[in-house]
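Observations on the three-dimensional arrangement
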Amino acid sequence: MPADLSARRSAPAGDCSPLVITGAPRSGTSLIYNLFDGHPEVNWLVDEGFLFEYLDDMGPAGADLFLDAIPVDLNALVAGLRDKQVMPPVERPYRQSRDRGSVSDVEIQADWDEECFIASLAQPARGGVCGLWLRLAHAYLAGMRQDPRRYCCLKAPDYGKSAASALASIPDARAIVIVRDPISSLDSLKRSRELRGEKLLTWPLLAQNVRNFQRLLDRIDTADPDRTRVVRYESLVAEPEPTMRALADWLEIAFDPCLLQPTMRGQHWPGISSFKATDGIETSAARRPVLSLDEAEVDLVTRHLAGFRMRFGYGPT
């Protein structure tokens, strides 16, 4: 190991740098996120959080407004955080239910200390987006009874919006963008919503999601290449160990066996897929035929996302 890399890996923990995992919905963000659960150099926040997505929606000129809107009153601050899921709702149990289209009924209890959370949130904070991130990350980790580690990992399958905002706002932020063939991703999205019976992928939403794939490509092209890594879902499930070892080297963290086993709060997690219970990193989804998109919809995706598909090795058809 090079001397400079060894020195950085042995540096004191506590940086709490944001590690944002993003991509399109149904592209593998949950899988790669759950692989980081339990890593000794990564704090893991269980569910999705939308802080950086909100900041991206506000635009560069709106960050000051967002910060100015933060209330002094802690009760009001917490109400806004929880109402809009600015950070993951780690204060409550994580649930999956068959009634909501899940493959199983699972509840994982939270180990949460509200007093420690509020006490940390009340501490003086630095200014700017970086100061807000550290204030919130430290408070949520205090509530989870965890010490800050090198990275604090956040998942947001928002087509790269959270990654773009985090990278622009925080100098030591890192982003992992997972991509999947848009035909497979959108077919999975349509089918999973049919199973849930909500937010059906009718033609207006299909058009919107195709446009979001185009924007994802734009965000990848303009991201800082030193602080961004793009991972193909198909490569991850086919060759998980070399893929995760490469990510660990890039993040300058030690490779750990947990990086090959998706878990939830350290427990075996069968809920990676919406269609069947999973056992580890499943390969079958990468080979699944198109089941829900019709011929005209596949043609629409193929024509409008030809550049995206060619860029990441999915071919023109």
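To be clear, the structure that these remarks concern was listed above.
Calculation criteria
Residues numbered from 1 in each chain as written. Predicted model: local features only at pLDDT ≥ 70, side-chain atom pairs only at ≥ 80, totals over all residues. Heavy atoms only, no water. Core = buried A, V, L, I, M, F, W, Y, C linked by side-chain atoms within 4.5 Å. Buried < 20%, exposed > 50% of the residue type's maximum accessible area, 1.4 Å probe, protein only. Helix = DSSP H or I, 4+ residues; strand = E, 2+ residues; numbered from the N terminus. Contact = heavy atoms within 4.5 Å. Salt bridge = Lys/Arg side-chain N within 4 Å of Asp/Glu carboxyl O. Phe/Tyr/Trp six-rings, centres within 6.5 Å; stacked < 30°, edge-to-face > 60°. Lys NZ or Arg CZ within 6 Å of the ring centre and 35° of its normal. Disulfide = S-S within 2.5 Å. Axes fitted to C-alpha atoms, helices over the stretch in contact; angles between N-to-C directions. Parallel < 35°, antiparallel > 145°, perpendicular 65-115°, else oblique. Left-handed = near helix turned anticlockwise from the far one by under 90°. Nonpolar A, V, L, I, M, F, W, Y, C, P; charged D, E, K, R; others polar. Pairing = 2+ DSSP bridges.

1. Topic: the nonpolar core
As a rule of thumb, soluble globular proteins bury nonpolar side chains together. If you look at the biggest cluster of nonpolar residues, it comprises 69 residues, and the most contacted ones within it are Ile32, Phe36, Leu45, Leu51, Phe52, Trp133 and Ile176. Ranked by residue count, the leading element in this core is helix H7 (residues 128–143), at nine residues. In this structure phenylalanine 52 touches Pro18, Val20, Val129, Trp133, Leu154, Lys161, Ser162, Ser165, Ala166 and Ile170, once residues within four positions along its chain are discounted.

2. Points about the environment of glycine 131
Looking at the secondary structure, you find glycine 131 in helix H7. Relative accessible area serves as the criterion here: at 2%, glycine 131 is assigned to the buried category. Each C-alpha atom, one on glycine 131 and one on leucine 236, is 34 Å from the other, the two residues being 105 residues apart in sequence. What glycine 131 contacts, discounting residues up to four positions off in sequence, is Ala125 and Arg126.

3. Let's talk about the pattern of salt bridges
Counted according to the given criterion, the structure contains 16 salt bridges. A salt bridge links arginine 145 to aspartate 111; the nearest nitrogen and oxygen atoms lie 2.2 Å apart. Highlighted residues: arginine 145 in the loop between H7 and strand S5 (151–156) and aspartate 111 in the loop between strand S4 (106–108) and helix H6 (114–121), separated in sequence by 34 residues. For aspartate 111, a relative accessible area of 44% puts it in the partly exposed group. The shortest N-O distance in the salt bridge between arginine 196 and glutamate 198 comes to 3.2 Å. Salt bridges sharing partners connect three or more residues here, namely Glu53, Asp57 and Lys161.

4. Remarks on the packing of aromatic side chains
Counted under the stated rule, the structure contains eight aromatic pairs. Seen from their ring centres, tyrosine 159 and phenylalanine 213 are 5.4 Å apart, and the 80° between their planes marks the pair as edge-to-face. Taken together, the residues span a long stretch of sequence, with tyrosine 159 in the loop between S5 and helix H8 (161–169) and phenylalanine 213 in helix H10 (residues 203–222) at a distance of 54 residues. Among the residues examined, tyrosine 159 registers a relative accessible area of 5% and is labelled buried. Site record: aromatic cluster; members linked through ring pairs are Tyr159, Phe213, Phe308 and Phe312. Here the basic side chain of arginine 245 rests over the ring of phenylalanine 255, its NZ or CZ set 3.9 Å away from the ring centre.

5. Focus on the state of the cysteines
The full count for this structure, using the stated rule, is zero disulfides. The closest cysteine sulfur to the non-disulfide-bonded cysteine 16 is located on cysteine 152, 4.6 Å from its own sulfur. Take cysteine 258: it sits in no disulfide, and the sulfur closest to it among the cysteines is that of cysteine 153, at 11 Å.

6. Some points on the packing of helix H5 (residues 74–83) against H6
Viewed as axis vectors pointing N to C, H5 and H6 meet at an angle of 110°, and their least axial separation amounts to 11 Å. With respect to H6, the axis of H5 lies roughly perpendicular. Taken as a pair, H5 and H6 cross one another with a handedness that is right-handed. Here H5 contributes Leu74, Leu77, Val78, Leu81 and Arg82 to the contact with H6, which in turn contributes Glu114, Phe117, Ile118 and Leu121. Grouping the amino acids of the contact of H5 with H6 by side-chain chemistry returns seven nonpolar, no polar and two charged.

7. Concerning the sheet that holds strand S1 (residues 17–23)
Ordered by their spatial adjacency, five strands build an open sheet running S2-S5-S1-S6-S7, and the pairing between neighbours is parallel. Single-partner strands in this sheet number two, and they are strand S2 (42–48) and strand S7 (228–232). The mean inter-strand angle of the sheet, taken between neighbouring strand axes irrespective of direction, is 20°. Two strands pair when backbone bridges link them, and S1 and S5 are joined in this way by six bridges, in the parallel orientation.

8. Focus: the pairing of S5
Most of S5 is tucked away: six of the six residues are buried. Every second residue of S5 is oriented toward a common face, with Tyr151, Cys153 and Lys155 on one face and Cys152, Leu154 and Ala156 on the other, all of them buried. Bridge analysis of S2 against S5 gives four bridges, and the strand direction is parallel. By the bridge assignment, asparagine 43 is partnered in S5 with cysteine 152.

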